[in-house]
Amino acid sequence: MDDVLSDLRKYREESGTDDQMDLRAIQAVPICADGARTMRVWFNDGRIRDFDCWPMIREGKNWFKQLADEKVFTELMSVFGCGTPGFDFGGNHDEYGCMDFEPHYIWAGSRDVTAEVLAQERAV
């Protein structure tokens, strides 16, 4: 519980939002270039953040280990109805066949790439 509160506190400090902000993921896109396993997440606070999934893949078991496979990583990434990014292993968006992450956890443990992504989009 302390970790969740710490993530929430970090999010509030860095984003400048108040306690009323309900953080949600809007979109999640997999990035597998150069062997990376990164979840790029667009949040409802306007930020775009990259979350490195390799540490949880290396240390994890079962579903986590499956994410080392590029096809599994790219095809199963999703954002669920409650605004949580994750992976849909069952293909039905049900709570028993998916692994989703609390948005504050992803936000706090990721790198802000908003400026980079917007600059790339403007250059196109």
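Quick note: structure is the one above.
Residues numbered from 1 in each chain as written. Predicted model: local features only at pLDDT ≥ 70, side-chain atom pairs only at ≥ 80, totals over all residues. Heavy atoms only, no water.

(A) Highlighting the overall build of the protein chain. Across its full length, the protein chain carries six helices and seven strands. Reading the helices (α) and strands (β) of the protein chain from amino to carboxyl end gives α-β-β-β-α-α-α-β-β-β-α-β-α. Out of the 124 residues belonging to the protein chain, those deemed buried represent 39%. Long-range pairs, those at least 24 residues apart, make up 46% of the contacts in the protein chain between residues at least 6 apart in sequence. (Helix = DSSP H or I, 4+ residues; strand = E, 2+ residues; numbered from the N terminus. Buried < 20%, exposed > 50% of the residue type's maximum accessible area, 1.4 Å probe, protein only. Contact = heavy atoms within 4.5 Å.)

(B) Highlighting the sheet that holds strand E4 (residues 77–79). In space, the three strands of this open sheet follow the order E4-E5-E6, with antiparallel pairing throughout. Strands at the two margins of the open sheet, each flanked by one partner only, are E4 and strand E6 (98–100). On average, each strand axis in the sheet is inclined to that of its neighbour by 35 degrees, with strand direction left out of account. As paired strands, E4 and strand E5 (residues 85–88) are joined by three bridges and run antiparallel to one another. Bridging across to E5, Met 77 finds its partner in Phe 87. (Pairing = 2+ DSSP bridges. Axes fitted to C-alpha atoms, helices over the stretch in contact; angles between N-to-C directions.)

(C) Geometry of the nonpolar core. Residues Met 39, Leu 67 and Phe 87 are the most contacted members of the largest nonpolar core, which totals 21 residues. Examining the composition of this core, we find that three residues originate from one element, strand E2 (residues 38–43), more than from any other. Dropping the residues within four chain positions of it, Met 39 is found in contact with Ala 28, Val 29, Arg 49, Asp 50, Phe 51, Cys 53, Phe 73, Met 77, Pro 85, Gly 86, Phe 87 and Phe 101. (Core = buried A, V, L, I, M, F, W, Y, C linked by side-chain atoms within 4.5 Å.)

(D) Broad picture of the sheet that holds strand E7 (residues 111–112). Read across the open sheet, the four strands follow the order E1-E2-E3-E7; overall the sheet is antiparallel. Across the chains shown, the open sheet's two edge strands, defined by having one partner strand only, are strand E1 (25–31) and E7. With five bridges connecting them, E2 and strand E3 (residues 48–52) associate as antiparallel partners. Paired with Val 41 across the strands is Arg 49, a residue of E3.

(E) The arrangement of the environment of Phe 64 in detail. Note on placement: Phe 64 falls in helix H3 (residues 63–66). Between the C-alpha atom of Phe 64 and that of Met 99, which follows or precedes it by 35 residues, the distance is 8.9 Å. If near-sequence neighbours (up to four positions away) are discounted, Phe 64 is found in contact with Met 56, Ile 57, Met 99 and Phe 101.

(F) Focus on the side chain of Thr 38. Within the fold, Thr 38 resides in strand E2. With relative accessibility at 13%, the residue Thr 38 sits in the buried group. In this structure Thr 38 touches Val 29, Pro 30, Ile 31, Asp 50, Phe 51, Phe 73 and Met 77, once residues within four positions along its chain are discounted.

(G) Examining the packing of aromatic side chains more closely. Using the criterion set out here, one finds two aromatic pairs in the structure. An angle of 45 degrees between the planes, with centres 5.3 Å apart, marks the rings of Phe 73 and Phe 87 as tilted. Linking Phe 73 in helix H4 (residues 70–76) with Phe 87 in strand E5, this pair joins segments that are 14 residues apart in sequence. Residue Phe 87 is classed as buried on the basis of its relative accessible area of 0%. Above the plane of the ring of Trp 107 lies Arg 49, whose end atom (NZ or CZ) is 3.9 Å from the centre. (Phe/Tyr/Trp six-rings, centres within 6.5 Å; stacked < 30°, edge-to-face > 60°. Lys NZ or Arg CZ within 6 Å of the ring centre and 35° of its normal.)

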